[in-house]
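Structural overview
The lines below spell out each chain.
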Amino acid sequence: MSQSGLPPHDDDHVHLPPCPVEDITLEQRQAARRAQWKAREILALAIVAITTYTIHGFLSALAWGVVFAVATWPLYRKIQARWPRLAHGALLPAFCTAGMALLFLIPMLFVGLEAANEAQNVLGLMKHARNTGVPVPVWVSRLPFGANAVVKWWNSHLSDPSAAAEFFSSFDARGLAMTKTVGSQVVHRGTLFFFSILTLFFLYKDGDTIMRECTIASRRAFGRRGELIGHQIIASIHGTVAGLVLVGVGEGIIMGVIYFLTGVPHPVLLGGATAIAAMIPFCAMIPVGLASTFLLVDGGTMAAVAVFAIGAVVIFTADHFVRPGLIGGSTQLPFLWVLLGIVGGAETWGLLGLFLGPAAMATLHLLWRNWSRERGMALPEG
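Residues numbered from 1 in each chain as written. Predicted model: local features only at pLDDT ≥ 70, side-chain atom pairs only at ≥ 80, totals over all residues. Heavy atoms only, no water.

**Notes on unusual backbone geometry**
Residues other than glycine seldom take positive phi values, yet H266 does so here, at roughly 55°. By the element assignment, H266 lies in the loop between α7 (224-262) and α8 (267-278). (Helix = DSSP H or I, 4+ residues; strand = E, 2+ residues; numbered from the N terminus.)

Right under this line is the structure:
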């Protein structure tokens, strides 16, 4: 019997061999460390994947916040130097963030009010048309071609009150569905905009710490070349903001003045639409063509031609000379790469691609220049 009162067992007489630490070879230690590093890498990738999937619906909002912060960081630095007492608190970041939010919200509010007024006018015209019909406008007879076909269609669908009532009734269900869709999109976009502004606030507040941590992480992962690529991306965003946003706003202001002088209806609204469309190359001609059509319908043929010609000159100059110089000059990027980055980025990523596309092309161009640069290597003869 053992001291515990239990019958003896074979395991009581088993002696484990000693395993001193000194018996572990260097190769075994290195293999264990490699296994640990691999396990850590797998765990880190799994955490990043889970986190990205969790917040994937807000990644665009975070990206917009980063773009806003990078584009306005030099201005924020000047404001910090102007008020150094507020530089270390939350008041100055909150003030600058509120200014950026108002910069977007005020034009959006104005456009929303104008759109609501126009919607009320359209609803009033539709109600009046159901009761009395819509006579053929005078401008239809001035169309260069197809005037008879338009008059025939108009008489059969709009001139007669019963036909007009039947025609406009088909828009009721579509209008209700469109209203629901627009409402849900407004709520969704508003939520994303809120998170973008919130991201901008924290980037203003903790920008120095974030930049220092990103620099350390970049040097550990990629060495000094990673820091160079980061500077290239930042320069590309700065150039893109100047080349797209500022040039687009300039085009909108110039064309807004032209719209006002030539008597285009709603010149401010059309000027804002021109500024937004001008951020995408070759798209500003859409609102310019719409303004020319308004003038042509009202009988102002010469004014319509003048607006279209002036708009074409302004847009051609901005898209082919001013914009490539601002975007490509800051990153030494050729015009073709700038154009491909803007158009391809907009097609792939939407409005966010206007900034991501040129940044990606600028980074690729930097890598190509470093890879193709001669460093004393003797090239083989052909």
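Moving on from the coordinates now.
**A closer look at the layout of surface pockets**
In this model, the second largest pocket occupies a volume close to 830 Å³. Elements that contribute at least two residues to the lining of the second largest pocket include exactly α2 (59-82), α6 (207-222), α7 and α12 (353-372). Per element, the largest residue contribution to the lining of the second largest pocket is eight residues, and it comes from α7. Of the residues belonging to the lining of the second largest pocket, the class tally is 18 nonpolar, eight polar and two charged. (1 Å grid on protein atoms, 1.4 Å probe; cavity = no way out; pocket = protein on both sides within 12 Å on 5 of 7 lines; lining within 4 Å. Points joined across faces, edges and corners; volume = space filled by probe spheres on them. Nonpolar A, V, L, I, M, F, W, Y, C, P; charged D, E, K, R; others polar.)

**Quick notes on a nonpolar patch on the surface**
A cluster of nonpolar side chains, namely I55, F58, L59, L62, F194, F195, L198 and F202, defines an oily patch on the protein surface of about 640 Å² accessible area. Elements supplying a minimum of two residues to the nonpolar patch: α2 and α5 (161-205). Broken down by element, the nonpolar patch gets its largest block of residues, four residues, from α5. Counting through the fold element by element, L59 comes out in helix α2. (Patch = residues over 30% accessible without salt bridge, like charges linked within 9 Å, V, L, I, M, F, W, Y side chains within 5 Å. Areas by Shrake-Rupley, 256 points an atom, 1.4 Å probe, with all protein chains shown as cover. Salt bridge = Lys/Arg side-chain N within 4 Å of Asp/Glu carboxyl O.)

**Things to note about empty space enclosed by the protein**
All chains considered together, the criterion is met by one cavity of 30 Å³ or more. Considering only enclosed or pocket space, the largest cavity measures out at about 60 Å³ in volume. Elements with a contribution of two residues or more to the lining of the largest cavity: α10 (301-331) and α11 (335-349). No other element matches the four residues that α11 contributes to the lining of the largest cavity.

**Quick notes on the packing of aromatic side chains**
Counted under the stated rule, the structure contains 10 aromatic pairs. Here the aromatic residues W64, F68, F104, F193 and F355 are joined through ring pairs into a cluster of three or more. The cationic tip of R40 hangs over the ring face of W37; the distance from NZ or CZ to the ring centre is 5.4 Å. (Phe/Tyr/Trp six-rings, centres within 6.5 Å; stacked < 30°, edge-to-face > 60°. Lys NZ or Arg CZ within 6 Å of the ring centre and 35° of its normal.)

**Here's the deal with the environment of V70**
As for its placement among the helices and strands, V70 is situated in helix α2. On the accessibility criterion, V70 (17% relative accessible area) is buried. Placed 134 residues apart in sequence, V70 and Y204 show a C-alpha to C-alpha distance of 9.8 Å. Those residues in contact with V70 that sit more than four places away from it in its chain are I234, I237 and H238. (Buried < 20%, exposed > 50% of the residue type's maximum accessible area, 1.4 Å probe, protein only. Contact = heavy atoms within 4.5 Å.)

**A short note on the pattern of salt bridges**
Applying the stated criterion to the full structure yields two salt bridges. Put simply, D206 and K205 hold a salt bridge, and the shortest N to O gap is 3.6 Å.

**So, the side chain of E251**
By secondary structure assignment, the location of E251 is in helix α7. By relative accessible area, which is 3% here, E251 ends up buried. In contact with E251, other than residues within four places in its own chain, are T274, A278, A284, V314, I315, A318, D319 and R323.

**Examining the packing of α2 against helix α3 (residues 91-132)**
It is the contact of α2 with α3, at a shortest axis distance of 12 Å, that shows an interaxial angle of 130°. What the angle tells us is that α2 and α3 run oblique. Judged by the sense of rotation from one axis to the other, the crossing of α2 with α3 is right-handed. Contacts from F68, T72, Y76, I79 and Q80 in α2 reach L92, P93, C96, M100 and F104 in α3. Along the lines of polarity and charge, the residues of the contact of α2 with α3 split into eight nonpolar, two polar and no charged. (Axes fitted to C-alpha atoms, helices over the stretch in contact; angles between N-to-C directions. Parallel < 35°, antiparallel > 145°, perpendicular 65-115°, else oblique. Left-handed = near helix turned anticlockwise from the far one by under 90°.)

**Some remarks on α3**
Between its terminal C-alpha atoms α3 stretches 60 Å, which fits the 62 Å expected from 42 residues at 1.5 Å a residue. When α3 is considered as a whole, its buried residues turn out to be L92, P93, C96, T97, M100, A101, E114, M126 and A129. Phi for G133, located one or two positions after α3, is positive at around 80°. (Expected span 1.5 Å × (residues − 1).)

**Quick word on the confidence of the model for the protein**
Mean pLDDT over the protein stands at 80; residues scoring 70 or higher make up 87%. Mean pLDDT values over the elements of the protein span from 78, in helix α4 (residues 147-159), up to 89, in α2. Predicted confidence is poor over residues 377-382, with pLDDT under 50, and the contacts of this stretch with residues over four places away or in other chains come to one contact. (pLDDT = per-residue confidence, 0-100.)

**Section: the side chain of S292**
Its place among the elements puts S292 in helix α9 (residues 285-297). Judged by relative accessible area, S292 falls into the buried class, the value being 8%. In this structure, S292 is in contact with A304, V307 and F308, ignoring residues within four places of it in sequence.

**Quick look at the packing of α6 against α7**
Between two packed helices, the angle of one axis relative to the other and the distance separating the axes together describe the packing. Where α6 contacts α7, the two axes come as close as 6 Å, and the packing angle between them is 130°. With respect to α7, the axis of α6 lies oblique. The residues of α7 that touch α6, namely those facing T215, S218, R219 and F222, are R224, R225, G226 and E227.

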